[in-house]
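# Architecture and fold: a report
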Amino acid sequence: MTMKHTFMLISAIIFTACSTTEQAKKIRIEWSENLEGNFSFKDKWSYSEAISKNQFGQLVCDGLCPDETYKMLDSEGRIPDDSLHAYYQLIDTTHFYHSIAMAEHGADSLWYLQVRQIGEDSIECCTALGVSTYTTLKMNIVNDFCCAFLENVSPAPDSNCTYPCIEGSLKIDKSLWKQGIMKAFFRFTFLEKNKFTRTGKIYAKIEN
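Let us look at the structure shown here. (Residues numbered from 1 in each chain as written. Predicted model: local features only at pLDDT ≥ 70, side-chain atom pairs only at ≥ 80, totals over all residues. Heavy atoms only, no water.)

## Concerning the state of the cysteines
Scanning the entire structure with this criterion turns up one disulfide. With a sulfur-sulfur separation of 2.0 Å, C61 is cross-linked through a disulfide to C65. Disulfide C61 to C65: torsion about the S-S bond roughly -90°, handedness left-handed. Per residue, the accessibility class of C61 equals that of C65, and both read buried. Note on C126: no disulfide assigned, nearest cysteine sulfur contributed by C125 at a separation of 8.8 Å. (Disulfide = S-S within 2.5 Å. Buried < 20%, exposed > 50% of the residue type's maximum accessible area, 1.4 Å probe, protein only.)

## Digging into the pattern of salt bridges
Within the structure shown, the criterion is met by five salt bridges. Measuring nitrogen to oxygen at the nearest pair gives 3.9 Å for the salt bridge that ties K171 to E30. On the criterion of sequence distance, the pair formed by K171 in strand β12 (residues 161-173) and E30 in strand β2 (residues 30-32) is long-range, its members being 141 residues apart. Since its relative accessible area comes to 29%, K171 is described here as partly exposed. For K138, the salt bridge identified is with E151, shortest N-O distance 3.2 Å. Pair noted here: K138 is in strand β10 (residues 135-142) and E151 is in strand β11 (residues 145-152), with a separation of 13 residues, a long-range link. A relative accessible area of 1% places K138 in the buried class. By relative accessible area, which is 12% here, E151 ends up buried. (Salt bridge = Lys/Arg side-chain N within 4 Å of Asp/Glu carboxyl O. Helix = DSSP H or I, 4+ residues; strand = E, 2+ residues; numbered from the N terminus.)

## Quick word on the side chain of N54
Positionally, N54 belongs in the loop between β4 (51-53) and β5 (59-61). Here N54 falls in the buried class, since its relative accessible area comes to 16%. Among the polar contacts made by the side chain of N54, one reaches the main-chain carbonyl oxygen of G77 at a distance of 3.3 Å. With near-sequence residues (within four places) excluded, N54 lies in contact with V60, G77 and R78. (Polar contact = N/O pair within 3.5 Å; in protein donor to acceptor, adjacent residues only side chain to side chain. Contact = heavy atoms within 4.5 Å.)

## Here we look at the nonpolar core
Membership of the largest hydrophobic core comes to 28 residues, with the highest contact counts inside it found for M139, I141, L170, M182, F188, F190 and I202. At the level of elements, β7 (100-102), β8 (113-119), β9 (122-127), β10, β11, β12, β13 (181-191) and β14 (195-207) are the ones that each hand at least two residues to this core. Considering every element that reaches this core, the biggest residue donor is β13, with five residues. If you look at the next biggest cluster of nonpolar residues, it comprises nine residues, including A50, V60, C65 and I79. (Core = buried A, V, L, I, M, F, W, Y, C linked by side-chain atoms within 4.5 Å.)

## Some words on the packing of aromatic side chains
Across all of its chains, the model carries 11 aromatic pairs by this definition. Here W31 and W177 contribute two aromatic rings whose centre-to-centre distance is 5.4 Å and whose plane-to-plane angle is 70°, an arrangement assigned as edge-to-face. Of this pair, W31 sits in strand β2 while W177 sits in helix α4 (residues 174-178); the two residues are 146 residues apart in sequence, bridging distant segments of the chain. Relative to F185, the ring of F39 lies with its centre 5.3 Å away and its plane at 50°, an arrangement referred to as tilted. (Phe/Tyr/Trp six-rings, centres within 6.5 Å; stacked < 30°, edge-to-face > 60°.)

## What to know about the pairing of β12
For β2 and β12, the ladder comprises three bridges, and the chain directions are parallel. By the bridge assignment for β12, W31 is matched with I172. With four bridges joining them, β11 and β12 adopt antiparallel strand pairing. What sits directly across from L150, in β12, is Y163. Direction of pairing for β12 relative to β13: antiparallel, over a ladder of seven bridges. Its bridge partner being in β13, L170 is matched across the sheet by F186. (Pairing = 2+ DSSP bridges.)

## Notes on the environment of K171
Each C-alpha atom, one on K171 and one on E30, is 4.6 Å from the other, the two residues being 141 residues apart in sequence. Beyond its immediate chain neighbours, meaning those up to four positions away, K171 contacts E30, S32, L35, K183, A184 and F185.

Spelled out as structure tokens, the structure:
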């Protein structure tokens, strides 16, 4: 699954609204005229999760890939020169710049955030799922308020679950927001059986 396909998938998910989840707290956004801090992660990029280099220095897909890509490889896992063009028509080798940095590192570290305007005063945000990442962070922003959720999207039947944010903070750079960029600090505490907190930074373009 390429990153583009991943974003298409998460865009198709229905976002949980504040009004339908009473446990989620509406957090008042703190607007800053000049939000300072180290946001250098926005200049770093990665290929989609399934893309890596083989021993021949070629970018290859290894994961959820089109069946045709495997048939093009020789016995050593190399793409023959006469198949290179056709191979790269089938896989996505786009450079994806990081748009979210989480302070809590681990298997569920999240690095790509889609921010989408869905109404005059409404924004929805969602981190990308991946081959090995089944947890997505969602935010609904309406005017000066935000609701946040962590959602586990498991391949196992009837095992999806959503954890509402019960307290926290969101600070956004107002000047960049007006230019169509979300630059922000967040600290969200979620409720499962026990409380747990996620903190981080965001630097992402707001899509229409």
